[in-house]
Amino acid sequence: MTEAQIQSSVEEIVTLALSGRGLEAWEKFYHPDAEKIDLDGISIQGKEKVIAANQTLLGNITEVRTFVHAGTVVKGSRSFIVWDVDFDVKDLGTINTVEVCIQDWQDGQIIKERFFA
């Protein structure tokens, strides 16, 4: 996959996420062997488990004040998406941060995704 192809895919992911269609992005862009490491440092492996964890988090959001795409960089087979977020999550409290989502791409899909704040 070229940097231009990854850039196009990342733009589609951002558009889908901002329009509340994250599930579409996950189904399309997560590799079957995807691994996700969220801000808590816990590794989740396998596309279905990653999607389930994402859906659980979204289902527990009680209020969103900010959800903004703050920038993107693509270099080689890695993309960086910067999000500015401020929302409340049931049983977790408030998440108010600027986070970087680092994605490694393989075979046109995300094989590894890590979040840092």
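Our structure is the block above this text.
In this report, we go over the structure that sits alongside the text. Chains are numbered independently. Their residues run from 1 in the order of the written sequence. With the structure being a predicted model, the display of local features is reserved for residues of pLDDT at least 70 and the display and counting of side-chain atom pairs for 80 or more, all residues being used for whole-chain, interface and lining totals. To get the side-chain values, take all heavy atoms of the structure and skip hydrogens and water.

Glancing now at the overall build of the chain. Strands here are runs of E lasting at least two residues and helices are runs of H or I lasting at least four, both read from the DSSP assignment and numbered beginning at the N terminus. Secondary structure summary: the chain contains 3 helices and 6 strands in total. Along its sequence from the N terminus, the chain presents helices and strands in the succession α-α-β-β-α-β-β-β-β. Its C-alpha radius of gyration of 13 Å places the chain within 12% of the 13 Å reference for a compact globule of 117 residues. Overall, the chain is about 40 × 25 × 25 Å in size when its C-alpha atoms are taken along their principal axes. Remark: exposure states derive from per-residue accessible area (1.4 Å probe, protein chains only) relative to the maximum for the residue type, with buried under 20%, exposed over 50%, and partly exposed in between. Considering the chain as a whole, with its 117 residues, one finds that 37% of them fall into the buried category. Throughout, a residue-residue contact means that at least one pair of heavy atoms, one from each residue, lies within 4.5 Å. Within the chain, residue pairs in contact and separated by at least 24 positions form 44% of the contacts whose partners lie at least 6 positions apart. Residue burial considers only the protein chains on display, and all accessible areas are found by Shrake-Rupley using a 1.4 Å probe. Accessible surface, the chain: about 6,500 Å² in total, of which carbon and sulfur atoms supply 52%. Taking the average location of the 11 positive side-chain charges in the chain and that of its 19 negative ones, the two points are 3 Å from each other. The atom set for the radius of gyration is the C-alpha atoms, and the globule formula is 2.2 Å times the number of residues raised to the power 0.38. Positive charges come from Lys and Arg alone, negative charges from Asp and Glu alone, with His and the N- and C-terminal ends not counted. A single reference atom marks each charge: NZ on Lys, CZ on Arg, CG on Asp, CD on Glu.

A separate point is helix α2 (residues 22-29). Buried within α2 are the following residues: G22, A25, W26 and F29. Projected onto a plane normal to the axis of α2, the buried residues spread over an arc of 95° and lie on a single side. Residues of α2 that are buried in the fold lie against α1 (3-18), β1 (30-37), α3 (47-59), β5 (93-106) and β6 (109-116). Arc definition: it is the arc formed by the directions from the helix axis to the C-beta atoms.

Among the nonpolar cores identified, the biggest contains 22 residues, and Y30 and W105 are the most heavily contacted of them. Looking at this core, the elements with two or more residues in it are α1, α2, β1, α3, β4 (78-89), β5 and β6. Setting aside residues up to four positions removed in sequence, W105 forms contacts with M1, I6, S9, V10, I13, F29, S77, S79, I110 and I111. Put simply, a nonpolar core is a bunch of buried Ala, Val, Leu, Ile, Met, Phe, Trp, Tyr and Cys residues held in one set by side-chain atoms that sit within 4.5 Å of each other.

Think of a salt bridge as a Lys or Arg side-chain nitrogen and an Asp or Glu carboxyl oxygen that are within 4 Å of each other. Evaluation of the coordinates by the stated rule reveals 8 salt bridges. A salt bridge links E12 to K28, with the shortest nitrogen-to-oxygen separation between them at 3.0 Å. Highlighted residues: E12 in helix α1 and K28 in helix α2, separated in sequence by 16 residues. Exposure remark for K28: the relative accessible area of 45% places this residue in the partly exposed category. A salt bridge links R114 to D104, with the shortest nitrogen-to-oxygen separation between them at 3.1 Å. You can see R114 sitting in strand β6 and its partner D104 sitting in strand β5, a full 10 residues away along the chain. Given a relative accessible area of 15%, D104 falls into the buried group. Via salt bridges that share partners, E63, R65, D86 and D88 belong to a single interconnected network.

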